[in-house]
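Letter by letter, the chains look like this.
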Amino acid sequence: MPPRTDRAAQREALLKLGAAVAEEMRAGHGGDTAGTVGDALAAMPQATLEIVGLIGREARRRRPDAHLVAALAFMCGQALETLRYGVERQDPDAAAMLDAVRGRLVREARSDRADAGVLMLVTKQFAVAKLDIGEELRGAMGDMLDEQSDEAAEAGAGDLDMERHLVDLARELGDDAFAIHGELSETASSFPIDHRLAMASFMLASDADPVRDAALGWLFDPDPEVAPALCGSLVEEAAAGRLGGTALRRLVAVRNWLPAAARPGVDAAVRTARRKGSEPAPPPASAVEDLRISGFDGSGAASVFALVRAGKRHAVASLLFKLGHGVRDAWVHRDLGRAEARAQVDRVAGEIDLVPVSSATVRRLLAHMLGLNAEGAPPPFGALDAAEALGLGIVNPEPATPEDVVALALGEDEGEPDGLDVLADAATWPARYGFMGSWFEDDAAVDEALLGRKGLSRARKVDVVLDAVVAPRRRRWGEMLAWTALITADADAREEATRFALAAAALLGDRPAPEVPLLRAIAESTVEARRLRRG
């Protein structure tokens, strides 16, 4: 732990940053300060623990500043996201800090002075940062919720109050089933599986259609036991004639997105609903006016953004893909004026390079990513929302090999990398293409490869990293370049797409790594990134 004086200075700095973010919240906008929070917190290794303490201290005041509490909660989510990046890089310090945060929250949840509101606010930030709170903390939160439920029952509160709360929430969120589920799931992720199932079943039994439609989101719960268990409630609702056309359409669309254990239950619910006279409702009419995608960055992530006309209003839809993981995030911002929607897309385009992409390529990418989700964590419920907004129809998981993607990108073009001087030229691409600026390795394997090798020249470090880290992962880089080629082909840049595809074929082939200049360029960028990270 840092000396007390350092901790005091850090708390002061965090409060100052929190006050700035809170002021922007009072003004009703995010502003530039909120955008720099992540960078500021990355330089404070103890930030997450300190922010948790500051939230509790402010929330327990006789007259807490609601905007400051919200600002600190936002900062907590940003700090946790920074920890997630560290954990994904296999950084032991990040993993240790995350364990320390979880441990502190467990102790607070089991203490006599536990503040349920504060704990739920903080644990919600784990979901925002896409981090699991851990079974011990989840169990402690569940015990606390049980105590609250018992007290509410003694006070006369019950299902009617919960139904009113859900209906009010739906109204506040414009009866958007995806937004309703998103709001509830971030909080419910803090509780054990039986609590989440109880919430899902209660929502299915609601008299409000948007609440019932939102209950389908629990089929995408990270715990594989939730979806099969929920299917029993779906069949009951279908038998009662309460499974509407929208829910039925969505069940059919996502059937193959779900764990194999859940599919028989989905099939039974669909059959039962149809016997009761329900048929899938047609998807809402929409027209994609602008569809763009970013290049794959060094982590294997790429984002799709679309401007969509829906009736007399517009929407912005987004999908975040990550190779090796699948669909990581998805959302749709609806009921916007065209100018507002256009400004959202243009603002993103001003921050990251976006290129036009076809619906066919986005559909193919989505099918591939859903296949990756099937092997790990499920996609977010919002992926269905985005697929509907983009008019993609039913998209089934269909993983594609990098070689298949290369073939699609090449089409009828043929050629040899040597003949086109592609391999030599590819070494310059990281400096020429903005999205390739982050094409380097950044995890514990790099430090391990160079451990104990003091005094090496930069060129020798590049050789070591190329041999020990980059070359063994060349297939991942080849896959990224293959998809880049296919995306580039959509932009009518046929020559450039062919060169990307041929270089990707070389990365995927058996040519020795030292003879593939792009691999060495990635190793050089890796060594430079490590130097900058270590200061």
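Note that this is a predicted model, so its numbers are computed, not measured.

Asks: What is the right way to read the packing of aromatic side chains from this model?
Replies: Applying the stated rule across the entire model yields ten aromatic pairs. Note on Tyr 433 and Phe 435: the rings are 6.2 Å apart at their centroids and 40° apart in plane angle, and the pair reads as tilted. As far as burial versus exposure is concerned, Tyr 433 and Phe 435 are alike and both buried. In textbook terms, an aromatic cluster arises when at least three aromatic residues are bridged by ring pairs, as seen for Trp 429, Tyr 433, Phe 435, Trp 439, Trp 477 and Phe 500. We note Arg 476 situated over the ring of Trp 477; from NZ or CZ to the ring centre the distance is 4.5 Å.

Asks: What's the story with the environment of Ala 386 in this structure? I'm lost.
Replies: Relative to the helices and strands, Ala 386 resides in helix 18 (residues 382–389). Its relative accessible area of 0% is what places Ala 386 among the buried residues. Put simply, Ala 386 and Pro 283 are 103 residues apart on the chain and 12 Å apart in space, counted from C-alpha to C-alpha. Apart from the residues lying within four places of it in its own chain, the contact partners of Ala 386 are Ser 318, Leu 319, Ala 330 and Val 332.

Asks: Can you walk me through helix 4 (residues 47–59) in this structure?
Replies: Residue pairs three or four apart in sequence face the same way in an α-helix, which turns once every 3.6 residues. Taking 1.5 Å per residue, 13 residues should reach 18 Å; helix 4 reaches 18 Å between its end C-alpha atoms and fits that length. Within helix 4 the residues assigned to the buried category are Ala 47, Thr 48, Leu 49, Glu 50, Ile 51, Val 52, Leu 54, Ile 55, Gly 56 and Glu 58.

Asks: Looking at this model, I keep getting lost on the pattern of salt bridges. Mind explaining?
Replies: Opposite charge on two side chains makes pairing possible when the charged atoms of those side chains draw close. This model, assessed by the stated rule, comprises 48 salt bridges. Two residues, Asp 143 and Arg 110, come together in a salt bridge whose shortest N-O distance is 3.2 Å. Of this pair, Asp 143 sits in helix 8 (residues 135–154) while Arg 110 is found in the loop between helix 6 (92–109) and helix 7 (116–128), placing the two residues 33 residues apart along the sequence. Classification of Asp 143 by relative accessible area gives partly exposed; the value is 38%. By relative accessible area, which is 49% here, Arg 110 ends up partly exposed. One network of salt bridges, with partners in common, ties together Glu 81, Arg 84, Glu 88, Lys 322 and Arg 328.

Parameters and conventions
- Residues numbered from 1 in each chain as written.
- Predicted model: local features only at pLDDT ≥ 70, side-chain atom pairs only at ≥ 80, totals over all residues.
- Heavy atoms only, no water.
- Phe/Tyr/Trp six-rings, centres within 6.5 Å; stacked < 30°, edge-to-face > 60°.
- Buried < 20%, exposed > 50% of the residue type's maximum accessible area, 1.4 Å probe, protein only.
- Lys NZ or Arg CZ within 6 Å of the ring centre and 35° of its normal.
- Helix = DSSP H or I, 4+ residues; strand = E, 2+ residues; numbered from the N terminus.
- Contact = heavy atoms within 4.5 Å.
- Expected span 1.5 Å × (residues − 1).
- Salt bridge = Lys/Arg side-chain N within 4 Å of Asp/Glu carboxyl O.

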